[in-house]
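Chain by chain, the residues:
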Amino acid sequence: MSYDVTLILGDGIGPEVINATKLILDSCPIKFNWDIVEAGESSIKKYGTPLPQNVIDSINRNKIALKGPVTTPIGTGFKSVNVTLRQTFDLYANIRPVKTIAGVPSKYDNVNLIIVRENSEDLYKGIEHMVGDDAAESIKIITRKASERIVDFAFNLAVKEKRKKVTSVHKANIMKCTDGLFLNCSRKVAQNYPEIVYEEMIVDAMSMKLVMSPEKYDVLVMPNLYGDILSDLAAGLVGGLGMVPGANIGNDIAIFEPVHGSAPDIAGQNKANPTAAILSSVMMLRYLGELDIADSIENALNLVLKQEEYKTFDMGGNTGTIEFAKAVIKELK
Ligand code: NAI
């Protein structure tokens, strides 16, 4: 079997974690025809834009991409490439499984939840402007269509993954129209899944409860901004951003990428933990139906993570990104 996959290395630690992941995938008994394209800061220098048309064309052709993190300038500069890709291809569901892994230093030992983040609207529509010099306005868009489809996606995922509970996270006490609509859609969709427990939680209380007792949560569904923030919080429950993978899923296109960003503080030092990128590729393999290979990579990764000698710096060790990937390949064989 062979697959045509768009590969975006990204910025900062992106090329390091994605090349480490590619090394592992290329050692598997399936063939990937990588269409390597550039997006982000590196492509501005070369093409004058952070998102050249050939990236869009490649994803349209291949329908599947593995992507490293891309830097977004803060408070100025170009619109996020990540948000643009998600909106361009209507990748409406952002799935982020957050799971304790044996051997990874963490304060908790039994976290196993999935964050399902609405990926197409909310404040990420980017509709904002200055009102004179001293005020600014940003418009939050929540629609029935996008809310119902993400909540339905979350319940469907819960059924498929044999999960028991879906928690809808909101701030409808304050944003009665926007989050109120999201909540109403959650309640309506929940009625179609009587076998799954449905609960609601205000986002601030949710943050506290995730820190106090994360083991009580299963599938969490929420609008875009809360999903962005709670994903990083949840990563902190299982050893940090180096551990959590992600998938952006649309109707027929999917982009797999770690939750973490380009980590400029450790870029270019062979220090980044490639686990999140490797697990993103495992999600990609499952999406492609390559379940056995996905399982074997995940098992090999878990074996490496259990060994004291293979800890990257975020886990308190000094194994390099590439050496870590090579250890996974050794376990695979
Ligand atoms: P970040 O996720 O890049 O880094 C936060 C902290 O986590 C840093 O201390 C970093 O060293 C650490 N970290 C992240 N990934 C790691 C890994 N694999 N191994 C070890 N340590 C790791 O978040 P930050 O600094 O807020 O953002 C940097 C840039 O990344 C920004 O331009 C931001 O917009 C972009 N970004 C891009 C994303 C994407 O492409 N999907 C997602 C999040 C941020």
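What counts as what
Residues numbered from 1 in each chain as written. Predicted model: local features only at pLDDT ≥ 70, side-chain atom pairs only at ≥ 80, totals over all residues. Heavy atoms only, no water. Phe/Tyr/Trp six-rings, centres within 6.5 Å; stacked < 30°, edge-to-face > 60°. Helix = DSSP H or I, 4+ residues; strand = E, 2+ residues; numbered from the N terminus. Buried < 20%, exposed > 50% of the residue type's maximum accessible area, 1.4 Å probe, protein only. Lys NZ or Arg CZ within 6 Å of the ring centre and 35° of its normal. Near = heavy atom within 4 Å. Polar contact = N/O pair within 3.5 Å; in protein donor to acceptor, adjacent residues only side chain to side chain. Areas by Shrake-Rupley, 256 points an atom, 1.4 Å probe, with all protein chains shown as cover. Nonpolar A, V, L, I, M, F, W, Y, C, P; charged D, E, K, R; others polar. Domains from an automatic or database assignment. Buried area = accessible area lost by both parts, 1.4 Å probe. Salt bridge = Lys/Arg side-chain N within 4 Å of Asp/Glu carboxyl O. Pairing = 2+ DSSP bridges. Axes fitted to C-alpha atoms, helices over the stretch in contact; angles between N-to-C directions.

Draft legend 1. A look at the packing of aromatic side chains. Per the stated rule, a full pass over the model turns up 6 aromatic pairs. Ring plane angle 35° and centroid distance 6.1 Å describe the contact between Y3 and F32, whose orientation is recorded as tilted. With a gap of 29 residues between them, Y3 in strand β1 (residues 2–8) and F32 in strand β2 (residues 31–37) connect regions that are remote in the sequence. Residue classification places F32 among the buried positions, given a relative accessible area of 5%. Judged by centre distance (4.9 Å) and plane angle (15°), the ring pair of F32 and W34 falls under stacked. Connected via pairs of aromatic rings, a cluster forms that spans Y3, F32 and W34. Cation over ring: R117 sits above Y124, and NZ or CZ is 5.2 Å from the ring centre. The ring centre of F313 lies 4.6 Å from the NZ or CZ of K271, which sits over that ring.

Draft legend 2. A look at the site of the ligand. In the vicinity of the ligand lie 22 residues, with V70, T72, G261, A263 and D265 positioned nearest. In this structure, an oxygen atom belonging to the ligand sits 2.9 Å away from a main-chain N or O atom of T72. Coverage of the ligand by the protein chains reaches 71% of its 810 Å² of free accessible surface. In the shell around the ligand, the residues fall into 9 nonpolar, 8 polar and 5 charged.

Draft legend 3. Local environment of the domain arrangement of the protein chain. Here the protein chain is partitioned into domain 1 (1–100 + 241–333) and domain 2 (107–237). Taking only C-alpha atoms into account, the centre of domain 1 sits 24 Å from that of domain 2. In this assembly, domain 1 packs against domain 2 so that about 1,900 Å² is buried in total across both faces, 52% of it on carbon and sulfur atoms. Taken as a group, Y92, R96 and V98 account for 34% of the area that domain 1 buries against domain 2, more than any other trio of residues on that side. Among the salt bridges present, the one from D90 reaches R149, with a minimum N-O distance of 2.8 Å. On inspection of domain 1 and its partner domain 2, the count reaches 11 residue pairs in polar contact (both at pLDDT 80 or more). Listing elements by their share of the side of domain 1 that touches domain 2, those giving two or more residues are α4 (81–88), β4 (93–99) and β11 (247–249). The dominant element in the side of domain 1 that touches domain 2, judged by the number of residues it contributes, is β4, at 7 residues. Each residue belonging to the side of domain 1 that touches domain 2 can be placed in one class, and the counts come to 11 nonpolar, 4 polar and 5 charged.

Draft legend 4. Structural context of the sheet that holds β11. The strand order β2-β1-β3-β12-β11-β4-β5-β10-β8-β9 describes an open sheet built from 10 strands, whose pairing is mixed. The outermost strands of the open sheet, each flanked by one partner alone, are β2 and β9 (197–202). Here the average twist between neighbouring strands, direction ignored, is 25°. Relative to strand β12 (residues 254–256), strand β3 (residues 64–67) runs parallel, the two being bridged by 3 bridges. Paired with A65 across the two strands is I255, which belongs to β12.

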